[in-house]
Each structure stands twice: as structure tokens, then as C-alpha cells.
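Working through the structure, step by step
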Amino acid sequence: MKPDWQPLGRLTVNERRLLRVHGRSVVAVALFYSAVATVLWKLGHNRVDGEVLAWALVLLWSLMVPYLAMIERGLTRAWQEPTLSFPAGIMLAAMLLLTAVHTTDGRLAVMLLYFPLLLLLSFRLEPRALGLLSAVVSAAYGLALLGLYQHRDEQLELASALLQWLAFVAVSACFTITGGGVNALRRTLGRHNRELARMVRQSRELAIRDDLTGLFNRRHIVEVLDYQKSLADRHHYPFAVCYLDMDHFKAINDHYGHQWGDQVLRAFAEHAAALLREGDYLARLGGEEFLMVLPQSNEAGALRVVERLRQQWANAAFDHMGGPATVTLSAGVAGYQPGETVEALLARADHGLYLAKSHGRNQVRTG
Ligand SMILES: Nc1nc2c(ncn2[C@@H]2O[C@H](COP(=O)(O)OP(=O)(O)OP(=O)(O)O)[C@@H](O)[C@H]2O)c(=O)[nH]1
């Protein structure tokens, strides 16, 4: 198993993917509108001049293409509303109105396209912005119908115009209220999911850490080892392990007290963590025993790193903390040999530690 935050991907939404889906949906509405407008014009229901319609479509797509490109490349991600839903909504609604005003039959059918657009935008727009968009479009549609009625260039009765407008406003209000609710629910769920992800991360962090030193614990380092072995077997790259053990820690504990011993263990954790490379792992197995995993290191490289750590630790002074002048450590290093089991690798490192201890301590040996 890969030792990372696998389950969190399912708790947190992929904002970039959502942004793309939204952008493509807006463009799909634009495409649908273009098709409807062209068909109405071909059938002769749309009284708009062919040239005007062509220019309107050119204008629409000269905005839609860069819009889609920006969304796909994530260029708007840092913006306050990265989907640009409000201007996109105004733009598409204006196109629908233009077509509807110039349509003899099926005006309401054209304006019906506005509702899926509204529902789509409700996923991104705050209820206030959604309400504003609906109010602007409803007012514009009302004015357009009034204009048509006053010009009397078609048989539009006042009652029928009023009814059309009221139907539009009523459906629009329903969609706006429902959409606002959906939006609020989406935001609440998003907030809860982020909180849940934070808590899972926090409890996982607690589960893989050693209380005293904050280093990884035994369980996690075993996961790391299994993962490193699988990577090494697949990609043929080296890694090494190292057992580290404080020398004569019992005597130190007995002499200076258990609490002082704890302080030394914490100091060692800080000391070693500062020396290790970013990808290296260090765990406290228990007591005064530690295990290090060094990815991308062969045995010789690991020996150098651990020898440097041993020397620096042996030179660290403790008398100012009311302890002995120095505390030394012994270490056993083993580089992974392709195909061997994790147990065999650890046994070799353990043997190295045994050799270091039995040859006088304060030294690093290979197994
Ligand atoms: N302060 C402190 N001491 C611990 C902790 N866990 C284990 N120890 C002590 O570490 C000591 C380990 O002693 P031993 O295993 O005999 O090893 P050692 O005295 O270091 O001797 P060598 O390893 O042979 O050099 C014991 O006295 C344990 O009580 C801990 O969390 N804090």
C-alpha cells in the first residue's frame, strides 16, 4: 500500500475537474442555442436577418472559444468566480432574448432554453447573483415584449404578452429559488467534506506518529518499507535501511532519570530529522531504538549518511542539560538486495547493529 492519503481523494472534490465540467456545460448550452437559432431561421420562424444572425453567432463563439480555452487550462482558477458564470449567463441570455424577439412562432420555446442555463449556473452562482441575473433577464424579456407590443409589427395581444411574461417570471423565480437552495446545499456539503478530510488527515497523522518524539511509529515505517520494496522491485532503484540504538541508555536513565532520557530521545529526533534528506523516513520503534529508511540510497551511500549522523550526535553536548557530556549511538545498515524479503533486509541491518554494539558501540556497521 502506498503510504499517503489515499482515502482523502474521495472526500475532497477535484475543483479543477468540476470547473472543466461546468465550462463545457455552459459551452454545450451555447451550442444548443446556436443550433436552435439556426434551425428557426432556416424554417423561416426567425425573422432576424441571416447576416445579423451570422454576426451574432460569430460574436458568441468568438467569446465562447477563448472562454472554454481559459477554463480548460485552468487560467481562471485564482479568480473569485473561476467559471465566469455571471457574464456567461448574461451573454447567453442576451442571445436567447435576441432570438426570441425576432421569432414569430415558438418564442417561449426559445426562452425555455434559459431555464437549463439557470439551473446550471445555480451550481456556481451565489443565491444573490442568481437572483440578480434572473431579475435582469426577466426585466429585459418584459421590456422586449412591451417593445414588440408597441411596434405592433405582429399580432401580439397585451394579455398574451403579459401571460407569456408572467409565466416566464414565475418559472424563472422557481428555478432561482430551487437553484439557490441547491447551491447552498452544495456549499454546506463542500464545507463538511473539507472538515471531514481535515479530521481524517489529523487522525491518520496521530495513527502514524510516535507520541514522544513525533517521528513515525513502527506501523507506519513497516508500510513505508513494503512500499519501498515494491518500488525498488518494479523500477530497480536502490534503497537502504538502518537500525539506530542509543548506547548504554539504561545506565543513562538510571543515573539521570527517565524524564531526562525522554528529553534525549526528543533531542535525537530533532537532530536526526534536521540531517536527513526530504524523502528519508525515520521512525521510533520503541524504547531507544529507531529505524531509518533511505530511498534512492545504496548501502555505501546510507553508510555515509548514518556515519555523519553518528559523529554529529556523538559531538552533541548534554552537560548543559544536566546530563553526561555526550550520548552515543550504534547503527546497523543494510542496502536492499533485489528480490530479498523485508524481513531478510531488516535481519541484516539488525546484524550490523549487533556487530556495532559488540565491537565497542558508537559505530556504524553493515550486516
Ligand atoms: N527515557 C526513556 N527510556 C526508555 C524508553 N523506552 C525504553 N527506555 C529505556 O531504555 C533502556 C534500554 O536499555 P537496554 O535495552 O538494556 O540497552 P542499553 O542500556 O542502551 O544498552 P546497549 O543498547 O547495549 O548499549 C531501558 O532502561 C529502558 O527502560 C522511553 O520511552 N524513555
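Residues numbered from 1 in each chain as written. Predicted model: local features only at pLDDT ≥ 70, side-chain atom pairs only at ≥ 80, totals over all residues. Heavy atoms only, no water.

The name an unreviewed UniProt entry gives the chain is diguanylate cyclase, with Alcanivorax dieselolei as the organism. A UniProt comment under Cofactor (unreviewed entry) is attached to the chain, and it reads "Mg(2+)". Under the Catalytic activity (unreviewed entry) heading, UniProt states for the chain: "2 GTP = 3',3'-c-di-GMP + 2 diphosphate". (UniProt positions renumbered as here; feature names shortened; annotations may be inferred.)

1. Quick notes on the overall build of the chain
Across its full length, the chain carries 12 helices and 5 strands. By residue count, 44% of the 367 residues in the chain fall in the buried class. Taking the intrachain contacts of the chain between residues at least 6 apart in sequence as the baseline, contacts between residues at least 24 apart amount to 71%. (Helix = DSSP H or I, 4+ residues; strand = E, 2+ residues; numbered from the N terminus. Buried < 20%, exposed > 50% of the residue type's maximum accessible area, 1.4 Å probe, protein only. Contact = heavy atoms within 4.5 Å.)

2. Some thoughts on the side chain of N217
Along the chain, N217 turns up in the loop between α7 (158–208) and α8 (218–235). The exposure class assigned to N217 is buried, which follows from its relative accessible area of 15%. Side-chain polar atoms of N217 contact the backbone nitrogen of H220, separated by 3.0 Å. For N217, the residues in contact, after removing those within four places along its chain, are A207, I208, R209, D210, A283 and R284. (Polar contact = N/O pair within 3.5 Å; in protein donor to acceptor, adjacent residues only side chain to side chain.)

3. Comments concerning the sheet that holds strand β2 (residues 281–286)
Paired through backbone hydrogen bonds, the strands of a sheet run either parallel or antiparallel to each other. The sheet built from 5 strands is open, its strands ordered β2-β3-β1-β4-β5 with mixed pairing. The sheet is open, and its two edges are formed by β2 and β5 (364–366), each paired on a single side. Adjacent strand axes in the sheet meet at a mean angle of 20° when their direction is disregarded. Both strand β4 (residues 329–335) and β5 contribute to a ladder of 3 bridges, which runs parallel. (Pairing = 2+ DSSP bridges. Axes fitted to C-alpha atoms, helices over the stretch in contact; angles between N-to-C directions.)

4. Let's talk about the confidence of the model for the chain
When pLDDT is averaged along the chain, the result is 88; 95% of the residues meet or exceed 70. Within the chain, helix α4 (residues 107–112) has the poorest average pLDDT of any element, 81, and β4 the best, 98. Taken as a whole, residues 1–11 scores under 50 in pLDDT and shows 21 contacts with residues more than four places along the chain or in a different chain. Interface confidence for the predicted complex, expressed as ipTM, amounts to 0.91; the pTM equals 0.60. (pLDDT = per-residue confidence, 0-100.)

5. Observations concerning the nonpolar core
Core analysis: the largest hydrophobic core is formed by 43 residues, its most contacted members being V26, Y33, L60, M64, L92 and Y114. Counting residues per element, the ones that place at least two in this core are α1 (15–43), α2 (50–72), α3 (85–101), α4, α5 (114–122), α6 (127–151) and α7. The next biggest cluster of nonpolar side chains, apart from the first, holds 32 residues, and it includes W260, A269, L276 and M292. (Core = buried A, V, L, I, M, F, W, Y, C linked by side-chain atoms within 4.5 Å.)

6. Points about a nonpolar patch on the surface
A contiguous nonpolar patch, built from I90, L132 and V136 and spanning about 230 Å² of accessible area, is present on the exposed surface. Among the structural elements, L132 can be located in helix α6. Overall, L132 belongs to the partly exposed group, its relative accessible area being 48%. (Patch = residues over 30% accessible without salt bridge, like charges linked within 9 Å, V, L, I, M, F, W, Y side chains within 5 Å. Areas by Shrake-Rupley, 256 points an atom, 1.4 Å probe, with all protein chains shown as cover. Salt bridge = Lys/Arg side-chain N within 4 Å of Asp/Glu carboxyl O.)

7. Structural notes on the pairing of β2
Within β2, 5 of the 6 residues are buried, which leaves it mostly tucked inside the rest of the structure. Taken together, the 5 bridges between β2 and strand β3 (residues 289–295) define a ladder with antiparallel strand orientation. By the bridge assignment, Y281 is partnered in β3 with V293.

8. Concerning the UniProt feature "transmembrane region" (unreviewed entry) in the chain
Per the UniProt annotation, the sites labelled "transmembrane region" (unreviewed entry) are residues 21–41, 53–71, 83–101, 107–123, 130–150 and 162–185. This span, residues 107–123, is 88% helix and 0% strand, and a straight line between its end C-alpha atoms measures 27 Å.

9. Some details on the site of the ligand
Close contacts around the ligand come from 16 residues, with F249, K250, N253, D262 and R284 the closest. K357 has a polar side-chain atom sitting 2.8 Å from an oxygen atom of the ligand. In the complex, the protein chains occlude 67% of the 670 Å² of accessible area that the ligand would expose alone. Those elements that place two or more of their residues in the shell around the ligand are β1 (239–246), α9 (249–256) and α10 (258–275). With 4 residues, the top contributor of residues to the shell around the ligand is α10. Across the shell around the ligand, the residue classes tally to 3 nonpolar, 5 polar and 8 charged. (Near = heavy atom within 4 Å. Nonpolar A, V, L, I, M, F, W, Y, C, P; charged D, E, K, R; others polar.)

10. Considering the packing of α5 against α6
Packed helix pairs are characterised by how far apart their axes lie and by the angle those axes make with each other. Interaxial distance between α5 and α6 falls to 10 Å at its minimum, and their mutual angle equals 160°. On the basis of their axis angle, the class for α5 and α6 is roughly antiparallel. Judged by the twist between their axes, the crossing of α5 over α6 is right-handed. Touching Y114, L118, L121 and S122 of α5 are L130, L133, S134 and V137, all from α6. Looking at side-chain class alone, the contact of α5 with α6 contains 6 nonpolar, 2 polar and no charged residues. (Parallel < 35°, antiparallel > 145°, perpendicular 65-115°, else oblique. Left-handed = near helix turned anticlockwise from the far one by under 90°.)

11. Observations regarding the pairing of β4
Two faces belong to every sheet, and in a regular strand the side chains alternate between them. With 7 of its 7 residues buried, β4 lies for the most part within the structure. Taking every second residue as pointing to the same face, both faces of β4 are buried, with L329, A331, V333 and G335 on one and S330, G332 and A334 on the other. Note: β1 against β4, 7 bridges, orientation antiparallel. Within the sheet, the bridge partner assigned to L244 lies in β4 and is A331.

12. Section: the side chain of S34
Mapped onto the elements of the fold, S34 is located in helix α1. Using a relative accessible area of 9% as the deciding quantity, one classes S34 as buried. A polar contact is formed between the side chain of S34 and the side chain of W61, at a distance of 2.9 Å. In contact with S34, not counting residues within four places along its chain, are L57, L60 and W61.

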